[in-house]
Amino acid sequence: MTAVLVVDDLRKSYPGRTVLDGVTLRVHEGETIGLVGPNGAGKTTLLECVEGIRRADSGSVTIAGVTASAASAVFHLTFGAQLQESSLPNRLRVGEAMRLFAAFYDEPWDIDDLLERIDLREQRRTMYGKLSGGQKRRLTLALALLGRPPMVLLDEPTTGLDPHARLELWGVLERLTSGRTAILLATHDMHEAQERCDRIYVLDQARMVADGPVSRLLDEAGLVTKIRLPHRPWMDEVLRAVPGWTASRVVAATHYAYGGAAFAGDAAAALRQHLTARSDEHGTPQLLAGITTGPADLEDLYLIRTGRQYA
Amino acid sequence: MRDATLAPAAPVGVPARRSPRGLGQLCRTETVLFLREPAAMFFTMVFPLVLLLFVGVAYTGSDDSGTRYIDLYVPQIVATIAVNLGVLGVAINIAECRESGVLRRYRLAPVPMWWFWLSQVIVGVMMFAVSAVILLGIVSAVYGVRLDHPVSFAAVTLLGLAVSFAIGVLLGNLRMPLRSIQIAGTGVFFVMFLGSGAALPRDAFPDWLRLITAVNPMSPIVDASTDAYLGRSLSPHLVVGLGLLVVFTVVLVEVARRMSHRELDR
């Protein structure tokens, strides 16, 4: 597959703080790639360096064969972007915004067709400031796609949207991109990333700490099964005796224990045996009633890899 | 994950070409946005006429040299339009665009950023011309226009507009919240308006204040445009003042350009 976006050894720092420390990534034709990481990990900085609206200290960015050091107007033809913090003038009508941005391209998407696809035909004469949050996102997404770019960069496009608006936005994205369009999606929504993305990059403390398809990452990290149970101070000691256990995290007196393939089978039963012994000893039989088992997901990987826990 | 069979074809690897039509569309859009902004419209189109009404009603006579007061005030009101548009209009518009993220959206467009700045200048010059023509039209109908040296008058007022725009662009690019820019812009406007002779003749100032206000960038503009309007020749020291103003404007534009460029290094 052809790499549409090539980022090599990107570095960016401010006095006393490194934001990107040698970040490298590839997005191929037709791939939807998720970029996840805690707040302040450098996701937005990375996207802005890729978009050319923030200057990196070193490293290189190439999209569809055009390097970011080329004349920026030419470089900006290679991608469409939806920024986390960007807007349009409140008094600009939907149709006017479409006409303005369409005029920047020689062969833009047909405006009527695009308005139809993003379900804003009725709002053609509505001013941007009067649109709902979901309508604004759909409009800015459509503006990003007006030039039919080979690469689409999305920075938390569904944050703050209700589930209906979220689904509509993804529907629009599916309708407006082909199977060959490459998409890089920065998001805090792990379920969205797992559901929508072919591969994931996990960015933490300025570095990429994991990348690959979610299932492979979970497998490699030994995070196949998740067992949730009430926490006790001696829980780690018990879990180490259970075959296949790989990691644990504790949030608000709840213990999340993870394990690989070996953990999936009889782990719960083995754990019950161990806990029965400890429960008898410590007089806490209610422990057994609190055990639930299920598959681990990207959110678990994220929380384990980035060392962050739920608040 | 996407189902490729549902999606329409979009080319990959060969991005669309940039169209030169964009600059014209950008100017049209900026014009429409200007016309929809009540404050900008009031201060550009209505405020000068309000000034004219007060001046026309209050000062109907002539000074000791026989020059009508209205002829002294018309060039000053024209200069006021320029200061309004540049120092208040441009500064606040840029700060608003920066704060709301509109500038970032334009930065992502496949057009050079100078298109945006040029569209601001084109729309500003256009609105200035419309406002000045309306003002002179009304003055002509009611009092009669003197305008003895129209070319010099136009050149000097355009220089005034350029200075105001440069100050406005610089203010708009300061890393300050919109509210602070509005306050700073209003302060600069009143200093330039009151201290240049546009509101009160500088001849009426005490010596020390006349000396201080001589460095007001609008002072040579007001003096020179009044002279051009009344058909007087420009004094050598005024010509030097205008020359220095050209240099000052170029320096301000360069500083504003660098400040805008520094946005990339955030």
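Fair warning: this is a prediction, and the values are worked out from it, not measured in the lab. (Residues numbered from 1 in each chain as written. Chains lettered and ligands numbered in written order. Predicted model: local features only at pLDDT ≥ 70, side-chain atom pairs only at ≥ 80, totals over all residues. Heavy atoms only, no water.)

**Some words on the overall build of chain B**
Regarding its fold elements, chain B presents ten helices and zero strands. If you list the helices and strands of chain B from N to C, you get α-α-α-α-α-α-α-α-α-α. In terms of its C-alpha atoms, chain B occupies a principal-axis envelope of roughly 85 × 40 × 30 Å. Considering only residue pairs separated by 6 or more positions, chain B has 77% of its internal contacts joining residues 24 or more positions apart. About 12,400 Å² of surface is accessible on chain B, with carbon and sulfur atoms providing 70% of the total. (Helix = DSSP H or I, 4+ residues; strand = E, 2+ residues; numbered from the N terminus. Contact = heavy atoms within 4.5 Å. Areas by Shrake-Rupley, 256 points an atom, 1.4 Å probe, with all protein chains shown as cover.)

**Brief notes about the packing of helix α2 (residues 38-58) of chain B against helix α3 (residues 69-100) of chain B**
Residue and element names in this part refer to chain B. Between α2 and α3, the shortest axis-to-axis distance is 10 Å and the interhelical angle comes to 155°. It follows from the interaxial angle that α2 and α3 lie roughly antiparallel. Here the hand of the crossing between α2 and α3 comes out right-handed. Across from F43, T44, F47, P48, L51, L52, V55 and G56 in α2, the residues of α3 making contact are I70, Y73, I77, T80, I81, N84 and L85. Residues of the contact of α2 with α3, tallied by class, amount to eleven nonpolar, four polar and no charged. (Axes fitted to C-alpha atoms, helices over the stretch in contact; angles between N-to-C directions. Parallel < 35°, antiparallel > 145°, perpendicular 65-115°, else oblique. Left-handed = near helix turned anticlockwise from the far one by under 90°. Nonpolar A, V, L, I, M, F, W, Y, C, P; charged D, E, K, R; others polar.)

**Re the confidence of the model for chain A**
For residues with low pLDDT, the predicted coordinates do not support detailed interpretation. Averaged over every residue, the pLDDT of chain A is 86; the share at 70 or more is 95%. At the level of individual helices and strands, chain A shows its lowest average pLDDT in helix α10 (residues 261-264) of chain A, which scores 70, and its highest in helix α3 (residues 94-102) of chain A, which scores 95. (pLDDT = per-residue confidence, 0-100.)

**Examining the UniProt feature "transmembrane region" (unreviewed entry) in chain B**
Residue and element names in this part refer to chain B. Feature annotation in UniProt assigns "transmembrane region" (unreviewed entry) to the following positions: residues 39-61, 73-94, 115-145, 151-171, 183-200 and 238-256. Helix makes up 87% of residues 39-61 and strand makes up 0%, while its end C-alpha atoms are separated by 33 Å. Helix and strand shares over residues 183-200 are 67% and 0% respectively, and the end C-alpha atoms of the span are 23 Å apart. (UniProt positions renumbered as here; feature names shortened; annotations may be inferred.)

**Quick notes on the interface of chain A and chain B**
Across the boundary between the two partners, chain A contributes 61 residues, which contact 43 residues of chain B. For the pairing of chain A and chain B, the buried interface totals around 4,800 Å² over both sides, and the portion due to carbon and sulfur atoms is 56%. The largest per-residue losses of area from chain A upon contact with chain B belong to R55(A), R91(A) and F104(A), which jointly make up 16% of the total buried on that side. With a closest N to O distance of 2.8 Å, E37(B) and R91(A) form a salt bridge. Between chain A and chain B we count nine residue pairs in polar contact (both at pLDDT 80 or more) in total. For the side of chain A that touches chain B, the elements supplying multiple residues, two or more each, are β1 (3-14), α1 (43-51), α2 (72-75), β6 (79-82), α3, α5 (133-145), α6 (163-176) and α7 (190-196) of chain A. Top element by residues in the side of chain A that touches chain B is α3(A). It accounts for five residues. Its residues assigned to classes, the side of chain A that touches chain B comprises 26 nonpolar, 14 polar and 21 charged. (Buried area = accessible area lost by both parts, 1.4 Å probe. Salt bridge = Lys/Arg side-chain N within 4 Å of Asp/Glu carboxyl O. Polar contact = N/O pair within 3.5 Å; in protein donor to acceptor, adjacent residues only side chain to side chain.)

**Re unusual backbone geometry**
All names here are of chain A. If you check the backbone angles, D9 has positive phi at about 50° while not being a glycine. As for its placement among the helices and strands, D9 is situated in strand β1. Within the chain, Q205 stands out as a residue other than glycine whose phi angle is a positive 45°. Inspection of the secondary structure puts Q205 in the loop between β9 (199-204) and β10 (207-212). Residue Q205 is classed as exposed on the basis of its relative accessible area, which comes to 59%. (Buried < 20%, exposed > 50% of the residue type's maximum accessible area, 1.4 Å probe, protein only.)

**What about the sheet that holds β10(A)?**
All names here are of chain A. Reading across the sheet, the six strands line up as β6-β7-β8-β3-β9-β10 and stay open at both edges, with mixed pairing between neighbours. Of all strands in the sheet, those bounded by a partner on one side alone are β6 and β10. On average, each strand axis in the sheet is inclined to that of its neighbour by 15°, with strand direction left out of account. Where β6 and strand β7 (residues 151-155) come together, four bridges link them in parallel fashion. The partner of F79 across the bridge, within β7, is M151. Along the sheet face, α1 touches β3 (32-36), β6, β7, β8 (182-186), β9 and β10 and points at about 150° away from the line of β7. (Pairing = 2+ DSSP bridges.)

**Here's the deal with the packing of α3(B) against helix α5 (residues 113-142) of chain B**
All names here are of chain B. For the pair α3 and α5, the least separation of the axes is 10 Å and the interaxial angle reads 150°. On the basis of their axis angle, the class for α3 and α5 is roughly antiparallel. As for the relative orientation of α3 and α5, their crossing is right-handed in sense. On the side of α3, the interface is formed by V74, I77, V78, I81, A82, L85, N93, I94 and C97, while α5 contributes F116, W117, Q120, G124, M127, F128, S131, A132, L135, L136 and V139.

**Side note on the domain arrangement of chain A**
Along its sequence, chain A is carved into domain 1 (3-217) and domain 2 (224-295). Computed from C-alpha atoms alone, the centre-to-centre distance between domain 1 of chain A and domain 2 of chain A is 41 Å. (Domains from an automatic or database assignment.)

**Description of the pattern of salt bridges**
Residues and elements named next belong to chain A. Applying the stated criterion to the full structure yields 27 salt bridges over all chains. Put simply, E220 and R216 hold a salt bridge, and the shortest N to O gap is 3.1 Å. Remark: R216 and E220 occur in helix α8 (residues 214-220); sequence separation between them is four residues, near one turn of the helix. Looking at R216, the relative accessible area reads 40%, which means it is partly exposed. Residues participating in the shared-partner salt-bridge network are D9, R11, D21 and R207.

**Structural notes on the packing of aromatic side chains**
What the rule picks out here adds up to eleven aromatic pairs over all chains. On the numbers, 5.5 Å between centres and 10° between planes, the contact of F189(B) with F193(B) is stacked. Here the residue F189(B) and the residue F193(B) both occupy positions in helix α7 (residues 178-194), the gap between them amounting to four residues, near one helical turn. An aromatic cluster of three or more residues is present, and its members are F101(A), F104(A), Y106(B), F116(B) and W117(B). For K136(A), the ring lying beneath its charged end belongs to Y128(A), and the centroid distance is 5.2 Å. In this arrangement the basic side chain of R148(A) is found over the ring face of W109(A), its NZ or CZ atom lying 4.5 Å from the centre. (Phe/Tyr/Trp six-rings, centres within 6.5 Å; stacked < 30°, edge-to-face > 60°. Lys NZ or Arg CZ within 6 Å of the ring centre and 35° of its normal.)

**Notes on a nonpolar patch on the surface**
Residues and elements named next belong to chain B. Nonpolar side chains collect at one region of the surface, where W114, L118, V121, I122, V125, M126 and L158 lie side by side and expose about 570 Å² of accessible area between them. No other element matches the six residues that α5 contributes to the nonpolar patch. Examined against the element boundaries, V121 turns out to sit in helix α5. On the basis of relative accessibility, which here comes to 38%, the residue V121 falls in the partly exposed class. (Patch = residues over 30% accessible without salt bridge, like charges linked within 9 Å, V, L, I, M, F, W, Y side chains within 5 Å.)

**Description of the nonpolar core**
Generally speaking, soluble globular proteins have nonpolar side chains that are buried together. Core analysis: the biggest nonpolar cluster contains 123 residues, and M98(A), F101(A), L139(A) and I200(A) have the highest contact counts within it. Considering each element in turn, this core owes the most residues, 18 residues, to α3(B). Split by domain, this core shows at least three residues from each of two domains, domain 1 (3-217) and domain 2 (224-295) of chain A. (Core = buried A, V, L, I, M, F, W, Y, C linked by side-chain atoms within 4.5 Å.)

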